[in-house]
Amino acid sequence: MSSTTKHLTKSKDMRQPLIVGNWKMNGSLAANQDLLLAIKAGMDKATCGVAVCVPGPYLQQVQQLCEGKALLLGAQDVSAHEQGAFTGEVSAAMLRDFGVRFAIVGHSERRQYHAETDAVVATKAQRALSAGITPIVCVGETLAEREAGQTHAVVKRQLAAVIHTNGHCISEIVVAYEPVWAIGTGQTASPEQAQEVHALLRAQLSAATAQPERIALLYGGSMNPSNAASLLAQPDIDGGLIGGAALKAADFLTIVAAASH
Ligand code: PGA
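Calculation rules
Residues numbered from 1 in each chain as written. Predicted model: local features only at pLDDT ≥ 70, side-chain atom pairs only at ≥ 80, totals over all residues. Heavy atoms only, no water. Helix = DSSP H or I, 4+ residues; strand = E, 2+ residues; numbered from the N terminus. Rg over C-alpha atoms; globule rule 2.2 N^0.38 Å. Buried < 20%, exposed > 50% of the residue type's maximum accessible area, 1.4 Å probe, protein only. Contact = heavy atoms within 4.5 Å. Areas by Shrake-Rupley, 256 points an atom, 1.4 Å probe, with all protein chains shown as cover. Lys, Arg positive; Asp, Glu negative; His and termini not counted. Charge placed at Lys NZ, Arg CZ, Asp CG, Glu CD. Pairing = 2+ DSSP bridges. Arc of directions from axis to C-beta. Salt bridge = Lys/Arg side-chain N within 4 Å of Asp/Glu carboxyl O. pLDDT = per-residue confidence, 0-100. Near = heavy atom within 4 Å. Polar contact = N/O pair within 3.5 Å; in protein donor to acceptor, adjacent residues only side chain to side chain. Expected span 1.5 Å × (residues − 1). Core = buried A, V, L, I, M, F, W, Y, C linked by side-chain atoms within 4.5 Å.

**With respect to the overall build of the protein**
Check the secondary structure of the protein and you find eleven helices and eight strands. For 261 residues, the compact-globule formula gives about 18 Å, and the C-alpha radius of gyration of the protein, at 17 Å, lands near that figure. The principal-axis extent of the C-alpha atoms belonging to the protein is close to 50 × 45 × 35 Å. Within the protein, the fraction of its 261 residues that count as buried is 50%. Put simply, 73% of the contacts in the protein that link residues at least 6 apart link residues at least 24 apart. Taken as a whole, the protein presents about 11800 Å² of accessible surface, with 54% of it coming from carbon and sulfur. The averaged location of the 22 negative side-chain charges in the protein is 4 Å from the averaged location of its 20 positive side-chain charges.

Pasting the structure below:
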């Protein structure tokens, strides 16, 4: 093992792996109950952190179902505003009322379909942090950007905005690298492709905080039971943000088991 690998492995050991389900706009009272009961029943050997980011109307239901289990609650978005006349928005403080521990911010579907800019995403991360919620900041390039050789520039720009707005609090965030071309497509980044970007993000975070080892870097984009172990074995991949496979208890649990070492 080279000294560099040794160093990376050591710092990876300091971070608890984290597997987060992103249910997106899926679920119902009945389906959520079945899914969560099955997940809870299979979680006994999990040593990694496990969270589910659920649609807003189900926060209370899922909060109750998760009680007493090491299954943490997350939201899929948070308002960039604190409170007031913002029809349809949900504030960080409201999420906190329901025991929310994580909020995804800047998911590519929000950037793409809701025109969220880097600055808005950075403010959302700030709102979450000030309510004691860990933002899971998503970054990732489109296929066109990758093909144009812009992957590094895009993810660095997206993360730089969050670092700029959040200063020393940056050690409290989670980052998810989600190449847009891999989300929901079945086309996963190879472990080497993902590791390359994760190493870049880790270096960027190291330059911004004295405690980069606290920050979990998740990979997202068609992570599934067959590819999870090889992705999670990479030195700078600390966990996963799981979409489709988080809706099937058996698949989600296999990924949780792969992260529990
Ligand atoms: P996927 O979604 O696992 O279905 O690709 C991941 C995500 O969008 O967070």
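**Quick look at the pairing of strand β5 (residues 134-139)**
Burial of β5 is extensive: five of the six residues sit out of reach of the surface. Bridging between strand β4 (residues 102-105) and β5 involves four bridges; their strand directions are parallel. Paired with Phe102 across the two strands is Thr134, which belongs to β5. Inspection of the sheet shows β5 paired to strand β6 (residues 174-177) by four bridges, in the parallel sense. Looking across to β6, one finds that Val139 is bridged to Tyr177.

**Some points on helix α3 (residues 59-66)**
Taken together, the buried positions of α3 are Leu59, Gln61, Val62, Leu65 and Cys66. Viewed along the axis of α3, the buried residues span an arc of 160°, placing them on a single side of the element. Each element contacted by the buried residues of α3 is listed here: α2 (29-41), β2 (49-54), β3 (71-75) and α4 (92-97). Two residues or fewer past α3, Gly68 is found with a positive phi of approximately 80°.

**Considering the pattern of salt bridges**
Evaluation of the coordinates by the stated rule reveals 13 salt bridges. Residue Arg111 is joined to Asp118 by a salt bridge in which the shortest nitrogen-to-oxygen separation is 2.9 Å. What makes Arg111 buried here is its relative accessible area of 15%. Note on Asp118: relative accessible area 16%, which makes it buried. Across the salt bridge formed by Lys124 and Glu116, the nearest N and O atoms sit 2.7 Å from each other. Summarising the burial analysis for this pair, Lys124 and Glu116 share the class buried. Shared partners join several salt bridges into a network, and the residues in it are Arg15, Arg202, Asp236 and Asp238.

**Some details on the confidence of the model for the protein**
For the protein, per-residue confidence averages 94 on the pLDDT scale, and 96% of positions sit at 70 or higher. Low pLDDT, under 50, characterises residues 1-7; the stretch is placed with two contacts to residues that sit more than four places away or in other chains.

**A short note on the site of the ligand**
The full set close to the ligand counts 13 residues, and Lys24, His107, Glu178, Gly184 and Ser222 are the nearest of them. The side chain of Glu178 places a nitrogen or oxygen atom 2.7 Å from an oxygen atom of the ligand. Between the ligand and Gly184, the relevant distance is 2.6 Å, taken from an oxygen atom to a main-chain nitrogen or oxygen of the residue. In isolation the ligand offers 290 Å² of accessible surface; the protein chains occlude 95% of this area.

**What to know about unusual backbone geometry**
Of note in the backbone geometry, Lys24 takes a positive phi value of approximately 55° without being a glycine. If you trace the backbone, Lys24 turns up in the loop between β1 (18-22) and α2.

**Section: helix α9 (residues 191-206)**
Between the first and last C-alpha of α9 there are 22 Å, a value that for 16 residues agrees with the 22 Å anticipated at 1.5 Å per step. Within α9, burial applies to Pro191, Ala194, Gln195, Val197, His198, Leu200, Leu201, Arg202, Gln204 and Leu205.

**Re the nonpolar core**
Ile19, Val62, Ile173, Val175, Leu201, Tyr219 and Phe252 are the most contacted members of the largest nonpolar core, which totals 66 residues. A total of six residues in this core trace back to one element, the largest contributor, which is helix α11 (residues 249-259). Counting 13 residues, the second-largest nonpolar core is a separate cluster that includes Cys53, Cys138, Val174 and Leu218.

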